[in-house]
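# Notes for the structure review
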Amino acid sequence: LNHPQKACELLSSIPETPPDAEVIIMQHHENAQGGGFPNGIDASQITPLSALFIVAHDFVDYIINNKRWSKIDFLKKRRQSYRGSSFNKILDSIKKLEV
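A brief look at the structure comes next.

Criteria and cut-off values
- Residues numbered from 1 in each chain as written.
- Predicted model: local features only at pLDDT ≥ 70, side-chain atom pairs only at ≥ 80, totals over all residues.
- Heavy atoms only, no water.
- Salt bridge = Lys/Arg side-chain N within 4 Å of Asp/Glu carboxyl O.
- Helix = DSSP H or I, 4+ residues; strand = E, 2+ residues; numbered from the N terminus.
- Buried < 20%, exposed > 50% of the residue type's maximum accessible area, 1.4 Å probe, protein only.
- Contact = heavy atoms within 4.5 Å.

Looking now at the pattern of salt bridges. In a structure, side chains of opposite charge can pair up when their charged atoms sit close to one another. Per the counting criterion, the structure on display carries three salt bridges. Ionic pairing is found between D58 and R78, a salt bridge with its closest N-O pair at 2.7 Å. Of the two residues, D58 sits in helix α3 (residues 48-65) while R78 sits in helix α4 (residues 71-78), which places them 20 residues apart along the sequence. No difference in accessibility class separates D58 from R78, as the two residues are buried. Of the charged contacts in the structure, one is a salt bridge between D73 and K77, with a shortest N-O distance of 3.2 Å. One end of the pair is D73 and the other is K77, both in helix α4 and four residues apart, which spans about a single turn.

In structure tokens, the structure reads:
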């Protein structure tokens, strides 16, 4: 449960680390409703880039675990759990994708 903090400690020692990497790592297990970890923040506090990472990771997991996956099914199942401006924009972009 403390791997985001441990990873950030490691990243802080690497000068070449991109500026937003530590924030993304700290927020990658958060969720839009505030039930994630390590800080239990909600969509209003999750950065747009972290939101993109969270949704992308979830979408990849969905594809891997569903041989007959579809983006429409993914969007229907996730629309309620991904509320908030950044999450809505990401889901709208997925909807427009030609896959």
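What follows is about the environment of L49. Tracing the backbone shows L49 in helix α3. We classify L49 as partly exposed; its relative accessible area is 41%. Through-space distance from the C-alpha of L49 to that of M26 is 12 Å; in sequence the pair is 23 residues apart. Those residues in contact with L49, other than ones at most four positions away along the chain, are D20 and I24.

Keep in mind that these numbers describe shape and distance, not what the molecule does.
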